[in-house]
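Coordinate analysis (summary)
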Amino acid sequence: MAHSSPTPLHPDTLAARAAEGAGPLAPDRAAAALEERMAALEGGIGAAACTGTAQALELALATLAPEGGHVVAASGFADDADDRFARARALPGLRFTFVDARDPGAWAGAIESGTKLLVGETLADPSPDVLDVPAVAAIAERAGIPLLVDATRTTPMLSRPLDHGAHLVLHGIAGWIGGRSDADGAVLVDGGRFDWVASGRHRALLDASAGEGGIAWVDDSPVAAFLLRAREACLPRLGTAIAPEAAFGALRGLETLSLRMARHVANARVLADFLAAHDAVSRVRHPSRPGDPDHEIATRLYPRGCGGLVAFDLAGGPGAAGKLLGALGLFVRDTPPGSARSVVSRPGGATSATVRIAAGLEHGDDLLDDLARALKAAAR
Amino acid sequence: MIVDSGGHAVHALAIGDRGGPALLLVHGAAMDRASWRGQSLPLAREGVRVIVPDLPGHGASPGPAASSVEAIAGLLATVLDAAGIRAATVAGHSLGALAALSLAMRHPQKVSGLVLFGASLPMPVGEAFLAAARDGDAAAIEMQAQWGHARLAPLAPSGMPGLSLTDLARRQVARAAPGAQHAGLAACHAFVASDADLARIAVPVAVVTGTRDAMTPARAGEALAGRIPGARTVRVDAGHSMLAEAPQACLAALREALE
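Here's a quick rundown of the structure. (Residues numbered from 1 in each chain as written. Chains lettered and ligands numbered in written order. Predicted model: local features only at pLDDT ≥ 70, side-chain atom pairs only at ≥ 80, totals over all residues. Heavy atoms only, no water.)

Within chain B one finds 11 helices and 8 strands. Taken over C-alpha atoms, the radius of gyration comes to 16 Å for chain B, in line with the 18 Å a tight globule of 259 residues would show. Counting only C-alpha atoms and orienting by the principal axes, one finds that chain B spans roughly 45 × 40 × 40 Å. A total of 259 residues make up chain B; the buried ones form 61% of that total. Look at the contacts in chain B between residues 6 or more apart in sequence, and 76% of them connect residues 24 or more apart. A total of about 9400 Å² of accessible surface is found on chain B, and carbon and sulfur atoms cover 54% of it. Distance between charge centres in chain B, computed from 20 positive and 20 negative side chains, equals 3 Å. (Helix = DSSP H or I, 4+ residues; strand = E, 2+ residues; numbered from the N terminus. Rg over C-alpha atoms; globule rule 2.2 N^0.38 Å. Buried < 20%, exposed > 50% of the residue type's maximum accessible area, 1.4 Å probe, protein only. Contact = heavy atoms within 4.5 Å. Areas by Shrake-Rupley, 256 points an atom, 1.4 Å probe, with all protein chains shown as cover. Lys, Arg positive; Asp, Glu negative; His and termini not counted. Charge placed at Lys NZ, Arg CZ, Asp CG, Glu CD.)

Here it is as structure tokens:
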């Protein structure tokens with residue numbers, strides 16, 4: 001028979017009350033408070049907060065593979081302009097294989113005997129491809145390799161990758177989490193679900209000689225071995241712990257996250273539907289739309305919506321895309337996505353007809369007016 | 001160290017100075033040695049010889065979980081013998097506290113002091129909790145995670161910086177062997193000791209209570225202390241998982257017992 005249990009606090013409540021006890025007068029609490037709250041929001045056992053996403057990935061790999069090894073990552077991580085592995089590449093002996101994230105066979109086929117970590121992202125950018133986290137997590141579990149998922153663009157309000165089988169979760173906090181574009185930082189959450197002993201692939205966690213005081217990290221805590229090594233051995237050595245001001249800013253942002261994500265999602269959906277019906281637009285990508293290649297996965301994994309990113313191609317080609325950007329007034333450029341302001345960019349550069357919008361918090365009618373006017377100008 | 005107990009390997013963390021005062025730390029139902037991390041490592045660094053077993057079916061120790069407090073006490077005696085420790089200060093949390101108490105009653109020569117965290121006698125466990133644990137229902141994990149911490153603990157600063165304690169407890173309970181949670185809770189529920197048994201305890205005893213403990217309320221711990229000659233009570237601001245919620249205060253209570 002089913003037994004009724006006490007209900008855990010809803011993520012909206014955990015977020016709304018994030019900044020308690022971590023004000024500017026308690027700077028020594030800010031980083032830990034952010035780590036604890038992000039862990040609770042994800043259902044993880046704890047977290048480590050770093051100065052940025054590249055530093056968080058460096059921390060994950062320094063913790064798991066100080067002797068080097070192989071990493072399989074989604075192709076979105078191969079972007080030179082925003083190289084999230086920029087810091088990890090400097091670690092000794094690491095090799096990377098990038099795969100088409102939407103092809104489970106590619107993940108399985110890329111795994112080698114020395115593979116230490118799989119790295120995906122809930123939602124890619126600029127093309128908002130959705131990772132089938134349960135499918136890739138099953139591959140990871142079968143191979144005895146942890147799966148790390150960058151969930152920056154969905155936040156814990158839309159998706160909790162640990163619930164879908166991921167083992168580690170990463171959040172950049174500058175945009176969506178913090179709600180601002182003027183601070184940077186990232187949080188690495190440990191789900192406490194991976195069986196490091198059964199895997200046997202990560203000597204740094206298993207060997208007494210690699211542990212603290214002659215105790216292997218798994219003997220210290222079978223559940224928290226990764227997190228303890230990351231927090232106590234690696235983060236202090238790397239020197240990339242988040243600054244208190246950045247952590248406190250993110251906590252303040254968390255207070256309104258549930259409301260902001262709902263507006264980001266609603267605005268993105270309105271813009272995507274408008275664009276799909278417009279003659280000047282040849283293709284629209286937003287996974288909430290029926291007919292989108294990832295609509296089924298998005299409906300299954302993201303019942304609260306599928307993020308604020310919309311990508312579309314202009315029928316008039318690259319020239320029309322350039323004109324559109326010039327004619328838009330409300331949409332800002334050269335700004336990271338996820339803040340209050342709607343952002344427009346041309347991820348493929350001047351020769352591409354693709355435009356990417358990150359929906360902000362403005363009223364949807366104003367965004368539609370601006371977009372309609374600019375599309376008209378672009379068609380001239 | 002690994003100790004053979006009735007054909008089952010009991011894994012234990014053995015750290016600190018072999019010549020130092022001996023301290024045996026016993027975790028609670030569905031937990032493991034990591035429950036004591038806030039105390040075991042600092043004390044080992046201070047020269048205490050610390051032994052922290054994973055009870056069978058918990059942590060690294062395989063096998064079915066012991067079904068009675070007395071059986072756990074027998075296992076603790078085996079662990080002390082295997083470590084060559086004649087007498088130790090024995091500290092336990094919850095189920096582990098009852099096992100420490102039972103060890104002191106059955107093998108008084110092996111115990112030089114007792115520190116009982118989150119303890120009461122009797123230690124009744126609600127029918128719904130027992131039934132959910134018996135059925136392997138996930139509700140039992142949620143009950144232990146939430147009732148085992150101060151109310152609204154996820155909104156408060158964690159006793160272990162950077163760790164989400166209720167989520168950590170969920171994972172620890174989920175990781176215990178099938179049936180281990182129920183065996184531990186049922187053992188707590190069934191354990192009895194008479195006033196005469198308690199009156200025979202002749203070593204220093206400290207009962208550490210959590211002011212926000214919903215599972216073994218502070219007043220129940222104080223009632224237990226009142227039945228043991230000379231026992232003192234220490235109050236800490238925490239729920240039932242006081243080792244993690246108030247690690248420094250619990251460490252201080254252990255240091256005092258070792259003096």
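This is not the end of the story, as more comes after the structure.
All names here are of chain A. Strand order in this open sheet of 7 strands is S1-S7-S6-S5-S4-S2-S3, and the pairing throughout is mixed. The open sheet has two edge strands with one neighbour each: strand S1 (46-50) and strand S3 (94-99). Averaged over all neighbouring strand pairs, the angle between strand axes comes to 20°, with direction disregarded. Along the sheet, helix H3 (residues 53-64) makes contact with S1, strand S2 (69-74), S3, strand S4 (115-121), strand S5 (147-150), strand S6 (168-172) and strand S7 (186-190), crossing S7 at roughly 35°. (Pairing = 2+ DSSP bridges. Axes fitted to C-alpha atoms, helices over the stretch in contact; angles between N-to-C directions.)

All names here are of chain B. If you check helix H3 (residues 95-106), its first and last C-alpha atoms are 16 Å apart, about what 12 residues at 1.5 Å a residue would give, namely 16 Å. The buried fraction of H3 is high, at 10 of 12 residues. Those residues of H3 lying buried are Leu95, Gly96, Ala97, Leu98, Ala99, Ala100, Leu101, Ser102, Leu103 and Ala104. (Expected span 1.5 Å × (residues − 1).)

A few words now on H3(A). Between its first and last C-alpha atoms H3(A) spans 17 Å; for 12 residues at 1.5 Å apiece the expected length is 16 Å, and the two agree. Turning to H3(A), its buried residues number three or more, namely A:Thr53, A:Ala54, A:Gln55, A:Ala56, A:Leu57, A:Glu58, A:Leu59, A:Ala60, A:Leu61, A:Ala62, A:Thr63 and A:Leu64.

Our next topic: the sheet that holds strand S8 (residues 232-236) of chain B. Residue and element names in this part refer to chain B. One open sheet accounts for 8 strands, arranged S1-S2-S4-S3-S5-S6-S7-S8; its pairing is mixed. Each having just a single partner strand, strand S1 (2-5) and S8 make up the two edges of the open sheet. On average, adjacent strands in this sheet sit at an angle of 20° to one another, irrespective of strand direction. Here 4 bridges tie strand S6 (residues 111-117) to strand S7 (residues 205-210), and the two strands are oriented parallel to one another. In the sheet register, Leu114 faces S7, and the bridge partner there is Val205. Packing against the sheet, helix H1 (residues 37-45) makes contact with strand S2 (8-15), strand S3 (22-26) and strand S4 (49-53), and its axis sits at approximately 155° to S4.

Time to look at unusual backbone geometry. Residue A:Pro126 is bonded to the preceding A:Asp125 through a cis peptide linkage, with omega at 10°. Relative to the assigned elements, A:Pro126 resides in the loop between S4 and helix H5 (133-143). With omega at 0°, the peptide bond leading from B:Leu121 into B:Pro122 counts as cis. Assignment of secondary structure puts B:Pro122 in the loop between S6 and helix H4 (127-134). The residue B:Leu152 is not glycine, and still its phi comes out positive at about 60°. Take B:Leu152: it is sitting in the loop between helix H5 (138-147) and helix H6 (165-175). The class for B:Leu152 is partly exposed, based on a relative accessible area of 39%.

Quick look at the side chain of A:Arg84 now. Residue and element names in this part refer to chain A. Looking at where Arg84 falls in the secondary structure, it is placed in the loop between S2 and S3. Judged by its relative accessible area of 6%, Arg84 falls in the buried class. In this structure the side chain of Arg84 is engaged in a polar contact, spanning 3.2 Å, whose partner is the backbone oxygen of Gly76. Apart from the residues within four sequence positions on either side, Arg84 is in contact with Thr53, Ala54, Leu57, Gly76, Phe77, Glu121, Asp150 and Arg153. (Polar contact = N/O pair within 3.5 Å; in protein donor to acceptor, adjacent residues only side chain to side chain.)

Attention now goes to the state of the cysteines. Residue and element names in this part refer to chain A. In this structure the tally under the stated criterion is 0 disulfides over all chains. Free of any disulfide, Cys234 has its nearest cysteine sulfur in Cys50, 11 Å distant. Taking the relative accessible area as the measure of exposure, Cys234 reaches 1% and is therefore buried. (Disulfide = S-S within 2.5 Å.)

It is worth spelling out the packing of H4(B) against helix H7 (residues 180-190) of chain B at this point. The axes of two packed helices give the description: the angle between them and the distance between them. All names here are of chain B. Relative to each other, H4 and H7 sit at 150°, their axes nearing to 8 Å. What the angle tells us is that H4 and H7 run roughly antiparallel. Seen along the crossing, H4 lies across H7 with a hand that is left-handed. Contact residues: Phe129, Leu130, Ala133 and Arg134 in H4; Gln181, His182, Leu185, Ala186 and His189 in H7. (Parallel < 35°, antiparallel > 145°, perpendicular 65-115°, else oblique. Left-handed = near helix turned anticlockwise from the far one by under 90°.)

What follows deals with the side chain of A:Glu35. Within the secondary structure, A:Glu35 is located in helix H2 (residues 27-42). Among the polar contacts made by the side chain of A:Glu35, one reaches the main-chain amide nitrogen of A:Ala49 at a distance of 2.8 Å. When near neighbours in sequence (up to four residues on either side) are disregarded, A:Glu35 contacts A:Ala47, A:Ala48, A:Ala49, A:Arg231 and B:Gly162.

Residue and element names in this part refer to chain B. Direction vectors running N to C along H4 and H5 enclose 135°, while the axes themselves pass 7 Å from each other. On the basis of their axis angle, the class for H4 and H5 is oblique. Between H4 and H5, the contacting residues are Ala128, Phe129, Ala132 and Ala133 on the first element and Ala139, Ala140, Met143, Gln144 and Trp147 on the second. Tallied by class, the residues present in the contact of H4 with H5 amount to 8 nonpolar, 1 polar and no charged. (Nonpolar A, V, L, I, M, F, W, Y, C, P; charged D, E, K, R; others polar.)

Quick look at the interface of chain B and chain A now. Contact residues are listed per partner, giving 35 residues for chain B and 41 residues for chain A. When the two sides are added together, the surface that chain B and chain A hide from each other amounts to roughly 2900 Å², 59% of it contributed by carbon and sulfur. Three residues, B:Arg37, B:Leu155 and B:Arg171, lead the burial of chain B against chain A; their summed loss comes to 23% of the area buried on that side. At the junction of chain B with chain A, the criterion picks out 2 salt bridges. Note that B:Arg37 is salt-bridged to A:Asp220, the shortest N-O span being 2.9 Å. At the boundary of chain B and chain A, one finds 12 residue pairs in polar contact (both at pLDDT 80 or more). Mapped onto the side of chain B that touches chain A, the elements with two or more residues apiece are S2, H1, H4, H5 and H6 of chain B. Split by residue class, the side of chain B that touches chain A holds 19 nonpolar, 6 polar and 10 charged. (Buried area = accessible area lost by both parts, 1.4 Å probe. Salt bridge = Lys/Arg side-chain N within 4 Å of Asp/Glu carboxyl O.)

Residues and elements named next belong to chain A. On S5, burial covers both faces: Leu147 and Val149 on one face and Leu148 and Asp150 on the other are all buried. Strand direction decides the pairing type here: S4 and S5, joined by 4 bridges, are parallel. Within S5, the residue paired with Leu118 across the bridge is Leu147. In this view, the connection linking S4 to its parallel neighbour S5 by way of H5 has right-handed handedness. Bridging between S5 and S6 involves 3 bridges; their strand directions are parallel. Bridge assignment links Asp150 to a residue of S6, and that residue is Leu170. (Right-handed = clockwise from strand over helix to strand, strands pointing away.)

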